[in-house]
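# Report on the structure
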Amino acid sequence: MARRIGYQTAKHLARLGMHVIIAANSESDGQEAVRKIKEETLTGKVEFLYCDLASMKSIRQFVQQFRAKNCPLHVLVNNAGVMLVPERKTEDGFEEHFGLNYLGHFLLTNLLLDTLKQSGTHSHNARIITVSSATHYVGKLHLNDLQSRCSYSPHGAYAQSKLALVLFTYRLQHLLTAIGSHVTANVVDPGVVNTELYKHVFWVVKVVKWMTAWLFFKTPEEGASTTIYAAVSPEMEGAGGCYLYNEKRTKSADVAYDEELQRRLWTESCKMVGISDEGFPRRSHFQLGK
Ligand SMILES: NC(=O)c1ccc[n+]([C@@H]2O[C@H](COP(=O)([O-])OP(=O)(O)OC[C@H]3O[C@@H](n4cnc5c(N)ncnc54)[C@H](O)[C@@H]3O)[C@@H](O)[C@H]2O)c1
């Protein structure tokens, strides 16, 4: 668990005094993370709520539970991900990389937007940070085959999901700016980090990783640094639509700046998760607990 970027992110934000809610799909891992963070940071403001990002129903239930707490939401970190999983589907029938890495976060963010908008202020914008990957540079978005039904490759599906997250962030920022909200959206690349993410890679790669990780891989703590920078740095106050790597703004893949593609992906995603695309989502468009 300590070998996860998400855990290190949560721990750091808790240490800074934030009230952190960890959302994950394992009750035991989540509770263990809460216990360890409380022990290591001596803060009581950490809790766990179940959320399976591979299930639209679970995401809606999570948001319902979160809203019932009546807490503000100043930072949303879209960190979860799977990589190179064999061809399989989420419970809603989506290809797993696309369904979990991308659509799960797409729906979660949209359902939490009202709370984020209410929580952000002129001087302290609420922040949405989405974790993508350098893999997005080689990603191709197949608008006519987002579920990789025509041909499946684990690498292609992972890269597509990470490219979709970059396109989503840019479109989201565009929409947030258009309505004058005090919410920003940025996307980060954590770098190559020694975590559990590599559990589905070919065994030879695992051996090479095991031998060279100390030299070529960041630690999970280092991997969390750009997310934390995006979440709390004063330099990022009011800044949105950025792609960040090593705590610096940098260029993402050219295709990610294609506004028509951003718009089409957004429209398609709304259809897939069952929310309205008429302008920017308003409260009435969300139906929880479906
Ligand atoms: N490790 C790297 O080298 C690297 C490189 C680029 C990007 N990333 C990205 O960083 C993020 C974190 O990955 P990591 O390296 O810590 O990997 P990890 O496998 O250690 O952690 C994956 C995280 O996703 C969560 N998760 C998985 N399935 C879920 C589900 N169905 N519902 C809710 N949560 C779920 C897990 O709880 C865990 O926190 C991922 O988005 C990954 O794509 C990692």
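As shown above, the structure is provided for reference.
Residues numbered from 1 in each chain as written. Predicted model: local features only at pLDDT ≥ 70, side-chain atom pairs only at ≥ 80, totals over all residues.

### Concerning the nonpolar core
Worth spelling out the cut-off: The nonpolar core criterion groups buried Ala, Val, Leu, Ile, Met, Phe, Trp, Tyr and Cys residues into a set whenever they are joined through C-beta atoms within 7 Å. Counting other C-beta atoms within 10 Å of a residue's C-beta gives its exposure: the residue is buried at 20 or more, exposed at 12 or fewer, and partly exposed in between, where C-beta atoms are placed from the backbone. A run of DSSP states H or I qualifies as a helix once it reaches four residues; a run of E qualifies as a strand once it reaches two. Both are numbered from the N-terminal end. Throughout, a pair of residues is in contact if the C-beta atoms placed from their backbones lie within 7 Å.
Judged by nonpolar contacts, the single largest core of 73 residues is most densely connected at Ala10, Ile59 and Leu167. Top contributing element to this core by residue count: helix H5 (residues 154-178), with twelve residues. Dropping the residues within four chain positions of it, leucine 167 is found in contact with Leu141, Ala256, Leu261, Gln262 and Leu265.

### Observations regarding the site of the ligand
The condition is simple: What makes a residue near a molecule or strand is its C-beta atom, placed from the backbone, lying within 6 Å of it. Classes in brief: Ala, Val, Leu, Ile, Met, Phe, Trp, Tyr, Cys and Pro nonpolar; Asp, Glu, Lys and Arg charged; the others, Gly included, polar.
In the vicinity of the ligand lie 23 residues, with Asn25, Gly81, Ser133, Thr195 and Leu197 positioned nearest. When grouped by side-chain class, the residues that make up the shell around the ligand number 14 nonpolar, six polar and three charged.

### A closer look at the sheet that holds strand E4 (residues 126-131)
This is how the line gets drawn: Two strands pair if DSSP finds at least two bridges between them. Inter-axis angles, ranging from 0 to 180 degrees, are taken between N-to-C directions of lines fitted to C-alpha atoms, where helices are fitted over the stretch in contact.
Spatially, five strands are ordered E3-E4-E5-E6-E7 in an open sheet, and the strand pairing comes out mixed. Of all the strands in the sheet, just strand E3 (75-78) and strand E7 (248-250) have a single pairing partner and so form its edges. When the angles between neighbouring strand axes are averaged without regard to direction, this sheet yields 30°. As paired elements, E4 and strand E5 (residues 183-189) share six bridges and run parallel to each other. The residue bridging isoleucine 129 from the neighbouring strand is asparagine 186, located in E5. Strands E3, E4 and E5 of the sheet are contacted by helix H4 (residues 96-119), whose axis makes an angle of about 170° with E3. Here helix H8 (residues 225-232) sits on the sheet in contact with E3, E4, E5 and strand E6 (243-245), set at roughly 160° to E4.

### Focus: the packing of helix H1 (residues 5-15) against H8
For any two helices packed against each other, the geometry is given by the interaxial angle and the distance between the axes. Operational definition: Our angle categories are set so that under 35 degrees counts as roughly parallel, over 145 as roughly antiparallel, 65 to 115 as roughly perpendicular, and the remainder as oblique. For any helix crossing, the convention is left-handed if the near helix is rotated counterclockwise from the far helix by under a right angle, and right-handed if that rotation is clockwise.
H8 packs onto H1 with a crossing angle of 40° between their chain directions and a minimal axis gap of 9 Å. Relative to H8, the element H1 lies oblique. Regarding H1 and H8, the two cross each other, and that crossing is right-handed. Of H8, the residues touching H1 (which contributes Thr9, His12 and Leu13) are Thr227, Ile228 and Ala231.

Everything listed here is a matter of geometry and, on its own, says nothing about what the molecule does.
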